[in-house]
Amino acid sequence: MYADVDSRGRYSIMDLTPDEFETIRRAIKAFRNGMMMTHTFTGKESDKQYIRATNIQRTLSELP
């Protein structure tokens, strides 16, 4: 596994093993669920992080 950065500054995680993929999926799910339980959403950075985590979780769940 390694990280790559494109010209826009976006990070990609490359060459994941199935175990690493599952660890990342579970971590994002836990992060998102923790935010739902502990944060009040006010349009700040926490809102953006929650939306990003939701989008990543949705994308990961659609992968084979």
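Residues numbered from 1 in each chain as written. Predicted model: local features only at pLDDT ≥ 70, side-chain atom pairs only at ≥ 80, totals over all residues. Heavy atoms only, no water.

Peer 1: Explain the overall build of the protein chain here, please?
Peer 2: A tally of helices and strands in the protein chain yields two helices and two strands. Along its sequence from the N terminus, the protein chain presents helices and strands in the succession β-β-α-α. Here the protein chain holds 64 residues, and the buried ones make up 16% of them. Sequence separation of at least 24 residues holds for 23% of the intrachain contacts in the protein chain that already meet a minimum separation of 6. When the accessible surface of the protein chain is split by element, carbon and sulfur atoms take 56% of a total near 5300 Å². Averaged over its 10 positive side-chain charges, the protein chain has a centre that lies 10 Å from the centre of its 9 negative ones. (Helix = DSSP H or I, 4+ residues; strand = E, 2+ residues; numbered from the N terminus. Buried < 20%, exposed > 50% of the residue type's maximum accessible area, 1.4 Å probe, protein only. Contact = heavy atoms within 4.5 Å. Areas by Shrake-Rupley, 256 points an atom, 1.4 Å probe, with all protein chains shown as cover. Lys, Arg positive; Asp, Glu negative; His and termini not counted. Charge placed at Lys NZ, Arg CZ, Asp CG, Glu CD.)

Peer 1: Can you help me understand helix α1 (residues 18-38) in this one?
Peer 2: An α-helical segment advances 3.6 residues per turn. Residues three or four places apart therefore align on the same side. Given a rise of 1.5 Å per residue, 21 residues ought to cover 30 Å, and the 30 Å separating the end C-alpha atoms of α1 matches this to within 8%. Within the span of α1, buried status applies to Ile28, Arg32 and Met35. The buried side chains of α1 occupy one side of the element, clustering within an arc of 60 degrees when seen end-on. Every exposed residue of α1 that faces more than 90 degrees away from the buried side is listed here: Pro18, Asp19, Thr23, Arg26, Met37 and Thr38. (Expected span 1.5 Å × (residues − 1). Arc of directions from axis to C-beta.)

Peer 1: How should the environment of Leu63 be read in this particular structure?
Peer 2: With respect to the secondary-structure elements, Leu63 resides in the segment after α2 (45-62). Spatially, the C-alpha atoms of Leu63 and Thr23 are 15 Å apart, while their sequence positions differ by 40 residues.

Peer 1: What's the story with a nonpolar patch on the surface in this structure? I'm lost.
Peer 2: Residues Met1, Ile13 and Leu16 make up a contiguous nonpolar surface patch of roughly 280 Å² in combined accessible area. Topologically, Leu16 is positioned in the loop between β2 (11-14) and α1. The exposure class of Leu16 is partly exposed, given its relative accessible area of 31%. (Patch = residues over 30% accessible without salt bridge, like charges linked within 9 Å, V, L, I, M, F, W, Y side chains within 5 Å. Salt bridge = Lys/Arg side-chain N within 4 Å of Asp/Glu carboxyl O.)

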